[in-house]
Amino acid sequence: QVQVVESGGGLVQAGGSLRLSCAASGIAFSLATVGWYRQAPGKQRELVADINIGSSTNYADSVKGRFTISRDNARKTVYLQMGSLTPEDTAVYYCNARFGSINFWGQGTQVTVSS
């Protein structure tokens, strides 16, 4: 069955770095646009970054210059390298694989940035 699994979350100090991974199975991963989203308590879920089948990328203004999204189709994995982290980056981070209008979501991974 289709599975999307995030990993790499944890607790880091402000100014630190963290790399998240999104691994997929049961889908044609190379044909998917994959995005990282995040949701903090009391806030709406928002797009952080995404990458399409041609490896073009898109970033939220709040993370431009700090985060980098990349994909390895052979490993069916998308990465989110996060740097210069601030407490405002604290959230549950979710991976989404989209085929047209069909979406597959992971369960999320917690990122906490201490001040």
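Coordinates for the structure precede this section.
Residues numbered from 1 in each chain as written. Predicted model: local features only at pLDDT ≥ 70, side-chain atom pairs only at ≥ 80, totals over all residues. Heavy atoms only, no water.

Digging into the sheet that holds strand 1 (residues 3-7)
- Spatially, 1-3-8-7 is the arrangement adopted by the 4 strands of the open sheet, whose pairing is antiparallel. With partners counted over all chains shown, the strands left at the sheet margins are strand 1 and strand 7 (67-72), one partner each. Each strand axis lies, on average, 15° off the axis of its neighbour in the sheet, ignoring direction.
- Across 6 bridges, strand 7 lies against strand 8 (residues 77-82) in antiparallel orientation. Bridge pairing links Arg71 to Val78 in strand 8. (Pairing = 2+ DSSP bridges. Helix = DSSP H or I, 4+ residues; strand = E, 2+ residues; numbered from the N terminus. Axes fitted to C-alpha atoms, helices over the stretch in contact; angles between N-to-C directions.)

Some thoughts on the environment of Ala32
- Of note, Ala32 is situated in the loop between strand 3 (18-25) and strand 4 (33-39).
- The class of Ala32 is buried, set by a relative accessible area of 0%.
- With sequence-adjacent residues up to four places away left out, Ala32 is seen in contact with Ile51, Asn52, Ile53, Arg71, Ala97, Arg98 and Phe99. (Buried < 20%, exposed > 50% of the residue type's maximum accessible area, 1.4 Å probe, protein only. Contact = heavy atoms within 4.5 Å.)

Section: the nonpolar core
- Val34, Trp36, Leu80, Met82 and Tyr93 are the most contacted members of the largest nonpolar core, which totals 30 residues.
- For this core, the elements supplying multiple residues, two or more each, are strand 3, strand 4, strand 5 (46-51), strand 7, strand 8, strand 9 (91-99) and strand 11 (109-114).
- Setting aside anything within four residues of it in sequence, one finds Leu80 in contact with Leu18, Arg19, Leu20, Trp36, Val48, Ala49, Phe67, Thr68, Ile69 and Tyr93. (Core = buried A, V, L, I, M, F, W, Y, C linked by side-chain atoms within 4.5 Å.)

Things to note about the environment of Cys22
- Here Cys22 lies in strand 3.
- With 37 residues separating them in the primary sequence, Cys22 and Tyr59 have C-alpha atoms 17 Å apart.
- With residues near it in sequence (within four places) discarded, Cys22 still touches Val4, Val5, Val34, Trp36, Lys76, Thr77, Val78 and Cys95.

Examining the pattern of salt bridges
- Overall, the coordinates contain 5 salt bridges when judged by the stated rule.
- Linking Glu46 and Arg38 is a salt bridge whose minimum nitrogen-to-oxygen distance equals 2.8 Å.
- Given the relative accessible area of 34%, Glu46 is considered partly exposed.
- A relative accessible area of 6% means that Arg38 is categorised as buried. (Salt bridge = Lys/Arg side-chain N within 4 Å of Asp/Glu carboxyl O.)

What about the state of the cysteines?
- The full count for this structure, using the stated rule, is 1 disulfide.
- One disulfide bridge connects Cys22 with Cys95, the sulfur atoms lying 1.9 Å from each other. The sign of the -80° torsion about the S-S bond sets the Cys22-Cys95 disulfide as left-handed. Taken as a pair, Cys22 in strand 3 and Cys95 in strand 9 lie far apart in primary sequence, 73 residues in all. With respect to burial, Cys22 and Cys95 carry one shared label: buried. (Disulfide = S-S within 2.5 Å.)

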